[in-house]
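The primary structure of each chain is shown beneath.
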Amino acid sequence: VQLLSKVGFEWKCHNSQTWQRSYEELLRFFQEFGHTRVPQKFPTNPSLGIWVVNQRRNHKKYLKGDTSSNMTENRIQLLKRNDFGLKGPRIQTWERTYEELASFVEEFGHARVPNKFPSNLSLGIWVNTQ
């Protein structure tokens, strides 16, 4: 086992295919919404929200050297390529969402974003938690 691990043997091949499918769903979300902050309870695709939470959790484990994480350097690079924000400061996320709110106000003339705002679900959730 140690020798196979040493040469980069992938023990979880099925997991790699599942990960790739979920990553492709994340890319579709990014194309539609312009960001990768998928709400944990995303009504259109609940499993994507859960997957995103798991990626963040696995990344933290990976950074700590926890071998139960299925995160790899390749996966980290793929996620970062689309501004996934694995370890980005929350202040930047807050400021980015604030800018989305400012755009909403400019378009609609008010800041009362519905909790389930169809074109940006995470903005509605963010506004309701401020």
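Residues numbered from 1 in each chain as written. Predicted model: local features only at pLDDT ≥ 70, side-chain atom pairs only at ≥ 80, totals over all residues. Heavy atoms only, no water.

Let's talk about the overall build of the protein chain
Let me state the cut-off plainly: Helix numbers and strand numbers start at the N terminus; a helix is a DSSP run of H or I with at least 4 residues, a strand a run of E with at least 2. Whether a residue is buried, partly exposed or exposed follows from its accessible area with a 1.4 Å probe, protein chains only, as a fraction of its type maximum: under 20%, in between, or over 50%, in that order. Every residue pair with non-hydrogen atoms within 4.5 Å of one another is taken to be in contact. Here the accessible surface of atoms and residues is derived via Shrake-Rupley with a 1.4 Å probe, and residues count as covered only by protein chains that are part of the display.
Along the protein chain, the regular secondary structure elements total 6 helices and 0 strands. Tracing the protein chain from N to C terminus, the helices and strands come up as α-α-α-α-α-α. Buried positions account for 33% of the 130 residues belonging to the protein chain. Look at the contacts in the protein chain between residues 6 or more apart in sequence, and 45% of them connect residues 24 or more apart. Split by element, the accessible area of the protein chain, about 9,000 Å² in all, is 54% carbon and sulfur.

Here we look at the pattern of salt bridges
Under the convention used in this document: Criterion for a salt bridge: a side-chain nitrogen of Lys or Arg within 4 Å of a carboxyl oxygen of Asp or Glu.
Within the structure shown, the criterion is met by 1 salt bridge. As a salt-bridge pair, arginine 37 and glutamate 100 come within 2.4 Å of each other at their nearest N and O atoms. Taken together, the positions of arginine 37 in the loop between α2 (13–33) and α3 (46–63) and glutamate 100 in helix α5 (residues 90–108) put the pair 63 residues apart, joining distant regions of the chain.

Looking at the packing of aromatic side chains
As a reminder of what qualifies: Aromatic rings from Phe, Tyr and Trp, taking only the six-membered ring of Trp, are treated as a pair when their centres fall within 6.5 Å; an angle between ring planes under 30 degrees marks them as stacked, one over 60 as edge-to-face, and anything in between as tilted.
Per the stated rule, a full pass over the model turns up 8 aromatic pairs. Consider the rings of phenylalanine 108 and phenylalanine 117, whose centres lie 5.9 Å apart with planes at 90°: the pair is edge-to-face. Among the residues examined, phenylalanine 117 registers a relative accessible area of 12% and is labelled buried. Pairwise contacts between aromatic rings join Trp19, Tyr23 and Trp51 into one cluster.

Focus on the packing of α3 against helix α4 (residues 73–81)
Applicable threshold: Fitting a line to C-alpha atoms yields each axis, with helices limited to the stretch in contact; the angle taken between N-to-C directions then spans 0 to 180 degrees. For classification purposes, angles smaller than 35 degrees are called roughly parallel, those larger than 145 roughly antiparallel, those between 65 and 115 roughly perpendicular, and all remaining angles oblique. The handedness criterion is simple: a crossing whose near helix is rotated anticlockwise from the far helix by less than a right angle is left-handed, and one whose near helix is rotated clockwise is right-handed. Lys, Arg, Asp and Glu make up the charged group, whereas Ala, Val, Leu, Ile, Met, Phe, Trp, Tyr, Cys and Pro make up the nonpolar group; the residues left over, Gly among them, are polar.
Where α3 contacts α4, the axes come no closer than 12 Å and their chain directions differ by 130°. Taken together, α3 and α4 sit at an angle that is classed as oblique. As for how α3 packs across α4, the hand of that crossing is left-handed. In this structure, α3 contributes Trp51, Gln55, His59 and Tyr62 to the contact, and α4 contributes Glu73, Ile76 and Leu79. Its residues assigned to classes, the contact of α3 with α4 shows 4 nonpolar, 2 polar and 1 charged.

Section: the nonpolar core
As a reminder, the rule being used: The nonpolar core is taken to be a set of buried Ala, Val, Leu, Ile, Met, Phe, Trp, Tyr and Cys residues, with the residues joined through side-chain atoms within 4.5 Å.
In this structure, Tyr23, Leu26, Val38, Leu48, Trp51, Val52 and Leu79 are the most contacted members of the largest nonpolar core, which totals 16 residues. Counting only elements with at least two residues in this core, the list comes to α2, α3 and α4. Leu101, Phe117, Trp126 and Val127 belong to the second-largest nonpolar core, a separate cluster that totals 7 residues.

Describing the environment of lysine 61
Summarising the element assignment, lysine 61 is placed in helix α3. For lysine 61, a relative accessible area of 28% gives the class partly exposed. Separated by 10 residues in the primary sequence, lysine 61 and methionine 71 place their C-alpha atoms 8.3 Å from one another. When near neighbours in sequence (up to four residues on either side) are disregarded, lysine 61 contacts Asp66, Ser68 and Ser69.

Brief notes about the side chain of asparagine 70
Rule in force here: Distance and chemistry together define a polar contact, namely a pair of N or O atoms within 3.5 Å, with one atom able to donate a hydrogen and the other to accept it when in protein, and with adjacent residues in sequence counting only for side-chain atoms on both sides.
Take asparagine 70: it is sitting in the loop between α3 and α4. For asparagine 70, a relative accessible area of 16% puts it in the buried group. A polar atom in the side chain of asparagine 70 sits 3.0 Å from the side chain of asparagine 58.

Remarks on α4
Note that an α-helix has 3.6 residues per turn; residues three or four places apart therefore point the same way. The condition that has to hold: The directions considered for the arc run from the helix axis to the C-beta atoms.
Residues Arg75, Ile76, Leu78 and Leu79 constitute the buried set of α4. Buried residues of α4, viewed axially, fall in a sector of 165°; they line one side. Across α4 from its buried face, at more than 90 degrees, point the exposed residues Asn74 and Arg81. Directly after α4, the chain includes aspartate 83, whose backbone phi takes a positive value near 55°.

Taken by themselves, the reported measurements are silent on function.
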